[in-house]
Every structure is written in structure tokens, then in C-alpha cells.
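Here is how the chains run, residue by residue.
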Amino acid sequence: MIALHDVTKSFNIGKPNPFTAVRSVGLTIAAARLTVLKGPSGSGKTTLLTLIGCMARPTSGRIVLSGDGIAGFPGGEEMRELDITSLPERFLAGIRRATFGFIFQHFNLVRGITVLENVMLPAYPTGERHGEVRKRAVELLSLFNVERHAHSRVDLLSGGETQRVAIARALINRPSVIVADEPTAHLDTDLSREFMEIVGSFKREGKTVLIASHDPLVCESSRVDTVVEMRDGRILRSGSAP
Amino acid sequence: MTLHPAVLALFVASLLTGGMVLYAGWYGARILLQWEIGSGSERQLELERRTYLISTLLSVAFALQLLSLFLFVFTADRLHGMFSGAMCAAGTLNVNGFGYPVLVLKIVTFLLAGLWLVVNHADTRGYDYPLIKAKYALLLAIGPLVLVEGYLQYRYFAGLHPDVITSCCGSLFSQGEKGFGGDLAALPAGPMEVAFFGGMAATIACGIRFHRGGRGGYLFSAASSITFAVAVASMISFICLYIYELPTHHCPFCILQKEYGYVGYVLYIALFGGGVAGMGAGVLMPFRGRGSMARVVPALQRRLTEVTLVLYLLFTLVVSYRILLSPLRLGGGPTP
Amino acid sequence: MNRSIERHRNILDFALSSLLRRKGKNVSLWVMYTLVVFLIAAIVFYTHALKREAALILQGAPDIVVQKMVAGRHDLVPVGYVEKIAAIRGVTAVRPRLWGYYYDAVTGANFTLMASDDLPPGTADIGNGIARTMRIAEGDFIPIRAVPGATTLFQVRKVLPYASELASSDLILLSEGDLRALFDFPRGFATDLALTVGNPAERATIAAKIAAQFPDSRPILNSEILRTYDSIFDWRGGMMVVMLGVAVFSFVIFAWDKATGLSAEERKEIGILKSVGWETGDVLLLKFWEGAVVSLAAFLCGVILAYVQVFFFSASLFEPALKGWAVLYPRFKLVPDVDPYLLAVLFFLTVVPYTVATIIPSWRAATVDPDAAMRS
Amino acid sequence: MREASRLMVQQLQLTDLCLFTEARYTRHPSMADLHSAFQDHPLALEHFPSGSLATPPRFRRERP
């Protein structure tokens, strides 16, 4: 479970064009639930995602992770709660690697290396044995039946296949939270519906899922537990799905 | 004498090290002034990113420092042909007044650099940059030393004129000679052997106790530092005699030469490594309890103690091997 | 412990694949790097090998050579000195040497002529270099213009062995009579005196005695002859390295530019790495391994190329510089002798500046914000 | 290679390596006096290229 207390994030402070992407947001993301951030582009959805996903630190306010043990934090196993607001980047990255799996709007796969390597990439810094990571990557690829592309290059895949490889990459470190930023932006309807199927399977496995999207197919899907509406960096309404 | 390739290499090394330490020192000072861990302001993020740069710069700088220490001694040894009367590095360093100060400064900066790297390693393990103030204060102490050493090294090599008559290590480190070298050589062999082996045994005992029980950290660090000094002194007073199998040849540099199988390098690397690790464990002692360090420092100290024990044991084994092997029997020696 | 080894292995693996992905940039960097290492290595190897060669070959040189100086110029020494010098205790033998130079207008080459007592008149032994330059062999005739104007022909009795070319490539040996006749050498004079001294330790004292007894003479010790070549290339070797320092400096700026000029593709890739879970330290390690691989490859290739060039082709690249305007240049093979100390010096002069130059650019590349990939 | 040259130097009592055959002071650097490089006329400058390589030996430069 992730709790944000009065979090603000502003950029270019002291420079001529300062702007505040997120204004004093208070939010709690329930565990093993699907939460959707709804709102037009520029409403601070993406910045909020980066704050929750330990990618960036808030200018002010506090973010607290809680749950049975904080994965990726040295000695975090027996900790109930951790304030990650002012952790150095080295530890934020450790938590990000172990706890969060990211799916990007533009998939962000590394061209030039094979699909298998792309999926294994997040596990390189953990120092896990190469063989184990490779075995898990192949399993994930076969789970999303893109295993036949394992050794081909990324730029030869179709949109749907790329998305599934991106999802496989997000799952390589066995994260407990999946963060997706506009996942269905480049997918047609049945691929989007298929994506929601996959999201459903995440929930069944007890993973927390957080999606930022303004695609009605995602927002009105029956699987959504909470919808958070945002505009100009503030939360308008946050309630359970209609 | 400054246009010899090896001398140019040393100048390049000390210029780069000096530059890097200056750059790191300047940012270190800025960090010391503007550092507030709590705020998420962009200046704080920028400073945190800067810490990566500084630790990378200083790791490279101090690795360079180690390499240039050995290259310096090796160059001095290589140039002894130019000076009549110099049979090894000792003679070359004695050609003008800057030789030995540069060597001593290089050793001191090397030890301090090792300590900085140990503190830096511990600091990166803590999740709230606990030792950042201590780290950069130490850096501000090392910086000037490195610059002074670079300058003295330049003065040393610039002042090297061939055919200067210099005194060989035989006279520099002989019993009769007054001055630092002579006093070391004059130390009686018998008691020094007892002191050396006793020191080693004490360090290893404290080390094991500290490693297992976690108590007596200061004691262990003190023991290892004192034994470091005793070992350096005993190198000159009796260890060299066994290696050269010559009761009068006290020179600590000749063992670096080919005919003694470069055994000097093994001894010095083991001794310096063990010394730095031992002192490192001691330096970390005051931070044992502080916040995030509580979990990190004991584990790191245990590893440092292991390093010290292994290296000191290696040093003692090589020395005792050479003592038993060599036909020379010093009068008061404990050996049969 | 093996966890961090595994981490290094993984990151090194990724570094290698990212190097291969951007072949153009990295190969051009590697070529420049290898060239710089090659140049410095060749200089350092060549000077070191030549100094050793000179020190070994010239050990047989005369213990003391005495020359007569007139107003600072080398002049002929009267034979009368021989008895007086022979009288000095410790001098076992005094041998007057008769030698000089000869400019051959036909080939434009300079030869060294020397009197050798076991040659019948009218014949000559010539160095291999001369045989090569004038394309003559044993039994042919070598024309030498004498001082009175007529060109005298000498029959070549023997060509000195190719293997000794480093010492005798331009040598012409004639009988003493012929040499004196050719150059109208005044009777009773010789070019200089070659002394052999029984006890090497006494050479210096005997030289001092000679200098005192004959103020116009100049004794040259064997040790000085040996050390002649130490100073030649040492200073010159250093000067060359200073000039090459400029090459290294420009290479370092080139490397700095290559490291800072990240293509959009690379910046995006690092952004992805950071967003996916890599941390600044990991990306720094990635950049370090990339630099280390390029440096090691370039250092090894440069050193090997230099070794082959200097010891197999005897520094043919340097020949024009060393030859200057001379027509005759000795062909000789240097005995390979590489000293680890030289490699360490080479490492300091090439790899260290490169590594230091790429620290700041790779750090700047590594501090891309993790959320940059989100926003792109 | 080296043996033959050593023998040659031994027999003929040679003193220098034959490297730079351009000028007197570069062919026999150990024998040449300090001034042979400027022997042509009182204001002569050294002009042979290999003269910049075969510098006068140190013992010639240092001691009077």
C-alpha cells in the first residue's frame, strides 16, 4: 500500500519558467487493487506516477510505502513501513527495481538488442545469476506467447507483440506493483481488451496495478476498483468505480 | 632530467590526480555548505548527483596515487645508473633534498586515500548519507597534501642532475650513520624480531576476537597500526638482512630489484594493504551506532578485519620463510 | 561476494553489446587510440632497444682514446706521444689509429675510411652498406678520388658481414700505406691513439694523468663512449614524448568530445535503463566498462603493432626521420627486449589520460533523470 | 647480429655505431668535439637533420 501526504512536485524552481506539476496531493493506493488515474494530458498524471514509482522525489510532502516487508531495501524484509521521501537515489532505484514494474506509453524497448535481452535488462544490476534470469525471461515470454521472437530484434515486432514484451520486461523482477502510463495509447480495441485481460490476471495474483489513462476502455472497465480524476495537478474526485 | 619518459609519466599522473582532487575538493566544500538532506529541492538533488562524480573521481585519483607510488620508486631505482655512487633507489632519492620527503608524502597520501575510500564505501551503504560531512572534511585534508606532493615531486626531478655524487644505501642505512635511516638500521635485531612477531601475534589475536565477538575494535585498529610501524622499522633493521644474506645491508629498496625476485613488491603490497584495512576498521569505529550505519559498519569492519588478517599473515609467512631459508644466522635471533 | 561479481559480469556483457551496437563511433575512437599508443610505444621501444644495443656492442671499444686538440678542433696526434703515454704505468698498449671520412661524389654518401694493418696494398674491405649503395661485390673495384686528383681503384677483397652492419655499414678498410698516400697524411702523425689499460678501475686516473701531461690532448674513457647513446635518445626520447604529448592531448579532447556527444539514441537508451531499474552507479559502471574495453583493446593492439614495427621491420617508419639527408642507412635488426617498466610508463602516458578525460562526460551521461523516459 | 658487431668493434677498435652518416659529429658522436657541428664558418648554424637527434653526449656538455 502506498500513501502520499500533501505531495507537491514543481520544476525549474528559481528559473524563469517554474511550474508545479503536482499540487499538495493526498492519496492512498490500496494493495492488490486496480487504480486508474484519469485526466487530460498535462494534468500531472505522469508526474504523479513517477513520484509513486520511486523515479523522482517530491519537492515537499511525504510518500510512505507500507506492507509486509519492503522489497529491494537492505534490511527491509521485517519493516512494516518506510518513508521514501528523502532516500538517496541508490536506494530509491533498489526499491524501484524490486517493487515496481513499469509499462510505458511508447514501450521503451532498447533497439539493437534481442527481445530476450530486453526482458532481462532490469535484472542485470541485481547481480542475480545470468542463467536464472534467462530461464525466468523465457517463461515470461512463453506466458505471453511471444517466445518465438526471443532472439529476434525488437524493431521487427508488431505493436501488440511489443506491448507484450514490454509487459514481460516489467514482470522480470517479480514486482508487487505494476505501473502503466497510457498503456493502450498505441493499441487497437481488441489488443486493449486483451491488455485488460492481462491486468485482470495481475489482480488475481494479488499484484497492485496503477494505470494512468484517459482511454474510456480502460477507465470504465469492470476490473477497475478506484478511479482518481485529476486536473491541473490536483485531485478532483477519487472514488470507487461507478 | 625532466624529459625522461618515465618522469613525464609521473608528472602526468600527479597533474591529473591534483586536478581531480582540486575539482572534487571544490565541490566537496560546496556540498558541506549547502547540504540539507531533508529538502527535495533541485539544488539538493543536483548535489546528490554530484556525490557520484566526486566518489568516481576520487577512486580513480587514489588508484592513480597507488600506482604512481610504485612507479616513483621503480623510476628512482631505474635512474640509479645516472648517478655515480647510487646502487639503487635509495641513492637516487638522496641526490637532492626532495627525494625522501616526496616518498614519505606519497606513502602518507596513499594511506589517507585508502581511508577515504573505506569511509566513502561505508557512506554509500547508509541510506541517509550519514558520513558525508566526515568524508569531505577528510578530503579537504588530503587535497593540499596531494598538491604539495606533486610540487615536491616536480622539484625533485627538476633538481636531478646526472653525475652528482650521492651516497649509496650502504652508507645511508648503516649503523654508524646519524639521521633517520641510520637510527632505524641501528635498532638491535634481536629485540626487533621479538617486537615484530609479538606485534603480529597481538594484531591477529585482537583481529580474531574483534571479528568473532565484535568487541575491541579500537584495540585491533591500534594494534594493526602499531604493527604497521614496527613492520616498516623491522624491514630495515633485520628483515632485509635475511633477504640479502648480508648482515650490513639494511636498504629497504634493493629488495624491489630483479635479483631478489621482486619479493619487495609482495611484502610492501601486503604490508600497506593490511595497514590501510586495519586503520580503516578503526576509523569506522565512532560511526558504529549512528543511524543507518548501525547495520552497515559492523559488516564492513568484519570484512576489513579479514583483509588485514590475511595480508598480515601473508607478510609474516613470507618474512619467516625467508628467515628460515636464508643461511644467515643473526646472533640474538630467536630462530634455532 | 559473487553477487557483485555477477553484477559486473552482466553490466560488462551489456557494455560489450552496446559497444558493438555503435560500431562507427567506437571503432573510430579505437583506431585513433591505437595509433597514439602505437606511436609512443614505438618511440619508447626503439630508444630502449637501441640504447641496450649500443651498450652491448661498444663494450669492445678502446679503453681510452686520446685526441690532440688545436684551438678546440680535433687535430692529428704526433706519433711522439705514443712513447710518452706508453711510459705511464698501467697503460698496457698504445695503438695509433688512422681514420677519416670520404665523401663519394658519385653516390653522395659519406664513408668512413680506416687503416687496417692486415690488408695487402691496393685492396680494400668494404662495409655491407657500401656494397649495397654502390652495388659492388668482392673482386670489383671501388674508385676513390685521392687528394692529388687522380682516382685510385682499390680491389674489394672482402665485404664485411651483413650482421655487423650496425657498426661497420659505411666502413672502408685500407692498408696504412694506401691511406697515407691517398690523403697525403703527413708522416709521423696519426688521427688518435687507442689505449688499452690493464685495470679498468685505473682508467680515470690514467686519463687524468694524460690530460695533465698533455694539456692539448683530450682523453675519452670507454664508459663515456658507452654512455654516449644514453643521452642521445633519452633527451630525444623525452622530447619526442613531449611532442607526442600534444598528440595525446588532442586525442583526449577527441575522446572527451566522443564521450559527451551522446547521440539521441544513446541518451534515450540510458533513460530507459534508468527508468527500468538501473541506478546512476550502474550506468557509471557501464560507461567505465565501455571505456576499459576500448582502452585495453587499443593498448594491446598499439603495443603489439609497435613491437612488430620496431623489432621485425626495425622501425622502418622512423627511417626517414633518422636518416636525414644521408644516402647510406644501415639495415639492422634490433634484439627484442621489452621491459614491463616501459609498459607501465606507456600505460600512464596513454590509458590514464583517456580514463580521466571520460569520467566527467560519462557521469553527465549517467545522471539522466529516471523519469525522463516516461515523459519522452 | 649482435655478436658480429661486437667482434668488429673489438678487432678494429671502433668507437661508434654507424647510424647517422650525414656529418662527422653525427657519425662519431663520442669522438667529435663540441664545435664540429659549426665547423663551416664562424657564424655557422647546425643544419643536418640528424644533428637534432644525435645530440652531443652528456659528458661533453656537462664537464668543461
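Note that residues are indexed from 1 along each chain, following the sequence as it is written. Chain labels run from A onward and ligand labels from 1 onward, assigned in the order the entries are written. With pLDDT at 70 or above as the cut-off, local features in this predicted model cover only qualifying residues; side-chain atom pairs require 80 or more to be listed or tallied, and sums for whole chains, interfaces and linings still use all residues. Side-chain descriptors were evaluated using all non-hydrogen atoms of the structure, hydrogens and water having been removed beforehand.

Colleague: Before we move on, can you summarise the environment of K207(A) with the specific residues and values?
Modeller: Residues and elements named next belong to chain A. On the secondary structure map, K207 appears in the loop between α6 (189-204) and β8 (208-212). Residues K207 and R33 lie 174 residues apart in sequence; the distance between their C-alpha atoms is 7.4 Å. Any two residues whose heavy atoms approach within 4.5 Å are treated as being in contact. If we skip the residues at most four places from it in the chain, K207 touches A32, R33, L171, R174, P175, S176, I178 and F202. From its side chain, K207 meets the backbone oxygen of P175 in a polar contact 2.9 Å long. Here a strand is any run of E in DSSP of at least two residues, a helix any run of H or I of at least four, and the numbering for each starts at the N terminus. Residues adjacent in sequence count toward polar contacts only when both atoms are side-chain atoms; beyond that, a polar contact is any pair of N or O atoms within 3.5 Å, and within protein one must be able to donate a hydrogen and the other to accept it.

Colleague: How would you explain the sheet that holds strand β10 (residues 171-174) of chain C if you had to name every residue and give the values?
Modeller: All names here are of chain C. One requirement defines pairing of two strands: DSSP has to find at least two bridges between them. If you trace the 6 strands from one edge of the open sheet to the other, you get β5-β6-β10-β7-β9-β8, paired in mixed fashion. Unpaired on one side and paired on the other, β5 (99-104) and β8 (141-145) mark the two borders of the sheet. Taking the axes of each pair of neighbouring strands and ignoring which way they run, one obtains an average angle of 35° across the sheet. When strand β7 (residues 123-126) meets β10, the two strands line up antiparallel, connected through 3 bridges. Its bridge partner lying in β10, I126 is registered against I172. Together, β5, β6 (109-115), β7, β8, β9 (151-159) and β10 form the strand contacts of helix α6 (residues 176-183), whose direction differs from that of β6 by roughly 130°. Convention adopted: a line fitted to C-alpha atoms gives each axis, helices being fitted over their contacting stretch, and angles between N-to-C directions are expressed from 0 to 180 degrees.

Colleague: Mind laying out the interface of chain C and chain A, listing which residues take part and the relevant values?
Modeller: Contact with chain C, which involves 28 residues of that partner, is made by 31 residues of chain A. Buried area: the accessible surface (1.4 Å probe) lost by two parts on joining, summed over both. Summing both partners gives a buried area of about 2,800 Å² for chain C against chain A, and 57% of it is carried by carbon and sulfur. By salt bridge we mean one thing: a side-chain nitrogen of Lys or Arg within 4 Å of a carboxyl oxygen of Asp or Glu. Summed over the shared surface of chain C and chain A, the result is 4 salt bridges. Along the contact surface separating chain C from chain A lie 11 residue pairs in polar contact (both at pLDDT 80 or more). Of all elements in the fold, only α1 (2-21), α9 (264-276), α10 (280-312) and α14 (372-375) of chain C reach the threshold of two or more residues within the side of chain C that touches chain A. A total of 9 residues in the side of chain C that touches chain A trace back to one element, the largest contributor, which is α1(C). Classifying every residue of the side of chain C that touches chain A gives 8 nonpolar, 6 polar and 14 charged. Side-chain classes follow a simple rule in which Ala, Val, Leu, Ile, Met, Phe, Trp, Tyr, Cys and Pro form the nonpolar group, Asp, Glu, Lys and Arg form the charged group, and the remainder, Gly included, forms the polar group.

Colleague: Lay out the layout of surface pockets in plain terms, naming residues and giving numbers.
Modeller: In this structure, the second largest pocket spans a volume of roughly 1,400 Å³. In this analysis, the protein atoms alone were mapped onto a 1 Å grid. Cavities are point sets where a 1.4 Å probe fits without being able to get out; pockets are open sets with protein on both sides within 12 Å along at least five of seven lines; lining residues have an atom within 4 Å of a point. Around the second largest pocket, the lining comprises 46 residues; the ones closest to its centre are R78(B), L79(B), H48(C), D339(C) and Y341(C). Breaking the lining of the second largest pocket down by element, the ones donating at least two residues are α1 (5-34) and α2 (42-78) of chain B together with α2 (23-57), α8 (222-260) and α12 (340-357) of chain C. In terms of residue count, α2(C) provides more of the lining of the second largest pocket than any other element does, 8 residues in total. In terms of residue class, the lining of the second largest pocket is built from 26 nonpolar, 8 polar and 12 charged. Grid points are joined across faces, edges and corners, and a volume is the space filled by probe spheres set on the points.

Colleague: Lay out the interface of chain D and chain C in plain terms, naming residues and giving numbers.
Modeller: Tallying the contact residues gives 45 residues for chain D and 62 residues for chain C. Here chain D and chain C share an interface that buries about 4,900 Å² over both sides, 62% of which is from carbon and sulfur atoms. When the buried surface of chain D facing chain C is broken down by residue, M1(D), R2(D) and L17(D) rank first, second and third, together holding 16% of it. Across the contact surface, chain D and chain C share 2 salt bridges. Of the charged contacts in the structure, one is a salt bridge between E53(C) and R2(D), with a shortest N-O distance of 3.2 Å. Summed over the shared surface of chain D and chain C, the result is 14 residue pairs in polar contact (both at pLDDT 80 or more). Secondary-structure elements contributing two or more residues to the side of chain D that touches chain C are α1 (2-12), α2 (24-27) and α3 (58-62) of chain D.

Colleague: Residue-level account of unusual backbone geometry, with values.
Modeller: A positive phi angle is found at A32(A), which is not glycine, with a value near 55°. The phi dihedral of Q13(D) is positive, around 50°, even though this residue is not glycine.

Colleague: Which residues make up the pattern of salt bridges, and what are the values?
Modeller: Counted under the stated rule, the structure contains 37 salt bridges over all chains. Across the salt bridge formed by E182(A) and K45(A), the nearest N and O atoms sit 3.6 Å from each other. Within this pair, whereas E182(A) is found in the loop between β7 (177-181) and α6, its partner K45(A) is found in helix α1 (residues 45-52), the two being separated by 137 residues in sequence. Per residue, the accessibility class of E182(A) equals that of K45(A), and both read buried. Note that D369(C) is salt-bridged to R49(B), the shortest N-O span being 2.9 Å. Residue D369(C) is found in the loop between α13 (359-366) and α14, and its partner R49(B) is found in helix α2; the two belong to separate chains. When a residue's accessible area, from a 1.4 Å probe over protein chains only, is under 20% of the maximum for its type it is buried; when over 50% it is exposed; and in between it is partly exposed. In this structure D369(C) comes out as partly exposed when scored by relative accessible area, which is 32%. Sharing partners across several salt bridges, the network here consists of R21(C), R22(C), K25(C), E266(C), E269(C), K287(C) and E290(C).

Colleague: Please set out the arrangement of the chains residue by residue, giving values where relevant.
Modeller: Most contacts, compared over the 5 pairs of chains touching, are made between chains C and D. These two, chain A and chain D, are apart from each other, with no contact and a minimum C-alpha gap of 52 Å.

Colleague: Before we move on, could you go through the packing of aromatic side chains and cite the residues and values that matter?
Modeller: Each aromatic ring pair is summarised here by two numbers: the centre-to-centre distance and the angle between the ring planes. Pairing of aromatic rings covers Phe, Tyr and the six-membered ring of Trp, with a centre-to-centre limit of 6.5 Å; geometry is then stacked below 30 degrees between planes, edge-to-face above 60, and tilted otherwise. Scanning the entire structure with this criterion turns up 41 aromatic pairs over all chains. Aromatic pair Y124(A) and F14(C): ring centres 6.3 Å apart, planes at 65°, arrangement edge-to-face. Placement of Y124(A) in the loop between α3 (115-120) and α4 (130-143) and of F14(C) in helix α1 is noted, with the two residues assigned to different chains. F14(C) matches Y124(A) in its accessibility class, with the two residues each being buried. Here the aromatic cluster, defined as three or more aromatic residues joined through ring pairs, consists of F11(B), F72(B), Y154(B), Y156(B) and F157(B).

Colleague: Quick one: what's the story with the sheet that holds strand β2 (residues 19-29) of chain A, residue by residue and with numbers?
Modeller: Residue and element names in this part refer to chain A. Spatially, β2-β1-β4-β5 is the arrangement adopted by the 4 strands of the open sheet, whose pairing is antiparallel. Here the strands that pair on one side only, and so sit at the sheet edges, are β2 and β5 (81-83). Going from strand to strand, the sheet's axes swing by 20° on average, the running direction of each strand aside. Of the strand pairs in this sheet, strand β4 (residues 60-66) and β5 are connected by 3 bridges, and their pairing is antiparallel. Bridging across to β5, L65 finds its partner in L82.

Colleague: Can you lay out the confidence of the model for chain B for me, pointing to particular residues and giving the numbers?
Modeller: Detailed reading of the predicted coordinates is not advisable wherever pLDDT is low. All names here are of chain B. With 94% of its residues at a pLDDT of at least 70, chain B reaches an overall mean of 83. When mean pLDDT is compared element by element in chain B, helix α5 (residues 132-158) scores highest at 90, while helix α6 (residues 169-172) scores lowest at 69. Reported confidence for the predicted complex is 0.85 by ipTM and 0.85 by pTM. The pLDDT score gives, residue by residue, the confidence of the prediction method on a 0 to 100 scale.

Colleague: I'd love a proper account of the packing of helix α5 (residues 159-171) of chain A against α6(A), names of residues and values included.
Modeller: Residues and elements named next belong to chain A. Where α5 meets α6, the closest approach of the two axes is 11 Å, and the angle between their N-to-C directions is 15°. Comparing the axis directions of α5 and α6 gives the class roughly parallel. The interaxial crossing formed by α5 with α6 has right-handed handedness. On the side of α5, the interface is formed by G160, Q163, R164, I167 and L171, while α6 contributes L191, E194, F195, I198 and F202. Class assignment for the residues of the contact of α5 with α6 results in 6 nonpolar, 2 polar and 2 charged. In these notes the angle categories are as follows: under 35 degrees is roughly parallel, over 145 is roughly antiparallel, 65 to 115 is roughly perpendicular, and the rest is oblique. Put simply, a crossing is left-handed when the front helix is turned counterclockwise from the back one by less than a right angle, and right-handed when it is turned clockwise.

Colleague: Which residues make up empty space enclosed by the protein, and what values go with them?
Modeller: Here the structure, examined in full by the defined rule, presents 7 cavities of 30 Å³ or more. In this model, the largest cavity occupies a volume close to 110 Å³. Lining the largest cavity are P88(A), R90(A), F91(A), T51(B), Y52(B), S55(B), N120(B), D123(B), T124(B), G126(B), Y129(B) and K135(B). Its residues placed into classes, the lining of the largest cavity shows 4 nonpolar, 5 polar and 3 charged.

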